[in-house]
Amino acid sequence: MKGTYKAVEVSAPGNLRVVERSIPDPGPGQVRIGVEACGICHTDAATVTGVYPGLKLPRVPGHEVVGRIEAMGSGVSRWKVGQRVGVGLIAGEDGVCEPCRRGDTVNCQNPVTSGVSVDGGYAEVMIAEARGIASIPDELSSAEAAPLLCAGITTYNALRNAGLRGGDLVAVQGIGGLGHLGVQFARHMGFRTVAVGRGPEKEKLARNLGAHVYIDSAVEDAAAVLQRMGGARAILTTATSGDAMGPLVSGLSVRGKLIVVGVPQDSIQLNAFPLVFGARSIYGSLTGTPIDNEDTLAFSVLENIRPMIETFPLEQAADAYARMMQGKARFRVVLVTRDGVA
């Protein structure tokens, strides 16, 4: 076995480069993963541009990581060498901050954050906290599983934790990297699913993904259409446009919820009237725990939900990242380091 591995690091803001590093040994409570696939997520931009708070460069991005355990540090007992596992964005917690003490580890104030506080999965090898990994089902290829560890869990958890009931009207705004999974989850959870996109060309895709109704927001007032349907119990906003999110509040039913999972660069402008008169609400939802990731993967296998992906070799990470940022990907880009994992 050679003593080095390839990684793609951010050496300076905006600069992704391929480097060779010495293979590290895992410390106590850690595992070393031979990476097979790593999804490229829009959140990676905060690492690549160097704006993530507290980020120190150089740093290897990537938080949709799937691979096999190559070595284990002391104190690791639950996992086995050779087992296929995944790592998401929140890959460990401090256990002592107030959210952690209240059992809310996803909102840890000092988390282990893949690709931010520790090196992520744009590499052939990654060190991960054993407490932060999830088991990958045999039914999913590594390239299929990778986006489910961020885009998947984000939309799945947001919907399943929203207090909804089967048959509720649920809208998904945006049919992209997050939204194309959100539509599938909403349909298979038993909701009356509405997809909100821009342009008539997305209607066929939306219906193929499971949407009962498609609203073209370029020609229709999406909120008005939803109100004519009785109002949405929940609207999952995935497209990164604050300007498009705010008006959707008026499309909610009484006590309906606008759930923000896509993070826009611009502000979300809100009219307080529909919030107050109808007790509507707006809130954000952030990924989940490692066991939530296992739930997401299991549900995806159960209902045959899969991300639509494009794969690139690790060495082409800069081009693959640029394709994602330019909005050309359909719909998730995955870096692969080994043949046969796609």
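Residues numbered from 1 in each chain as written. Predicted model: local features only at pLDDT ≥ 70, side-chain atom pairs only at ≥ 80, totals over all residues. Heavy atoms only, no water.

J.: Just checking my understanding: could you explain the side chain of Asp 292 for this structure?
T.: Mapped onto the fold, Asp 292 is located in helix 9 (residues 290-302). Side chain to side chain, Asp 292 and Asn 157 meet in a polar contact 3.3 Å long. (Helix = DSSP H or I, 4+ residues; strand = E, 2+ residues; numbered from the N terminus. Polar contact = N/O pair within 3.5 Å; in protein donor to acceptor, adjacent residues only side chain to side chain.)

J.: Looking at this model, I keep getting lost on the sheet that holds strand 12 (residues 252-260). Mind explaining?
T.: Two strands in a sheet stick together by hydrogen bonds in their backbones, pointing the same way (parallel) or opposite ways (antiparallel). Strand order in the open sheet made by the six strands is 10-9-8-11-12-13, with parallel pairing throughout. Across the chains shown, the open sheet's two edge strands, defined by having one partner strand only, are strand 10 (213-216) and strand 13 (281-284). Taken over all neighbouring pairs, the strand axes of this sheet differ in orientation by 20° on average, direction set aside. As paired elements, strand 12 and strand 13 share four bridges and run parallel to each other. Following the sheet pairing, Ile 259 is matched in strand 13 by Tyr 283. (Pairing = 2+ DSSP bridges. Axes fitted to C-alpha atoms, helices over the stretch in contact; angles between N-to-C directions.)

J.: Is there a simple way to explain the packing of aromatic side chains in this structure?
T.: The relative placement of two aromatic rings is captured by the distance of their centres and the angle of their planes. Counted by the stated rule, this structure contains four aromatic pairs. Taken together, a centroid distance of 5.3 Å and an interplanar angle of 55° make the contact between Tyr 156 and Phe 185 tilted. Here Tyr 156 is found in helix 3 (residues 142-160), whereas its partner Phe 185 is found in helix 4 (residues 179-188), with 29 residues between them in sequence. Under the relative-accessibility criterion, Tyr 156 is labelled buried at 8%. Pairing Phe 185 with Phe 299 gives two aromatic rings, centres 6.1 Å apart and planes at 40°, and the pair type is tilted. In this pair, Phe 185 sits in helix 4 while Phe 299 sits in helix 9, placing the two residues 114 residues apart along the sequence. Its relative accessible area of 14% is what places Phe 299 among the buried residues. Three or more aromatic residues joined by ring pairs make a cluster, and in this case those are Tyr 156, Phe 185 and Phe 299. Taking NZ or CZ as reference, Arg 78 lies 4.5 Å from the ring centre of Trp 79, over its face. (Phe/Tyr/Trp six-rings, centres within 6.5 Å; stacked < 30°, edge-to-face > 60°. Buried < 20%, exposed > 50% of the residue type's maximum accessible area, 1.4 Å probe, protein only. Lys NZ or Arg CZ within 6 Å of the ring centre and 35° of its normal.)

Spatial relationships are all this shows, so hold off on functional conclusions.
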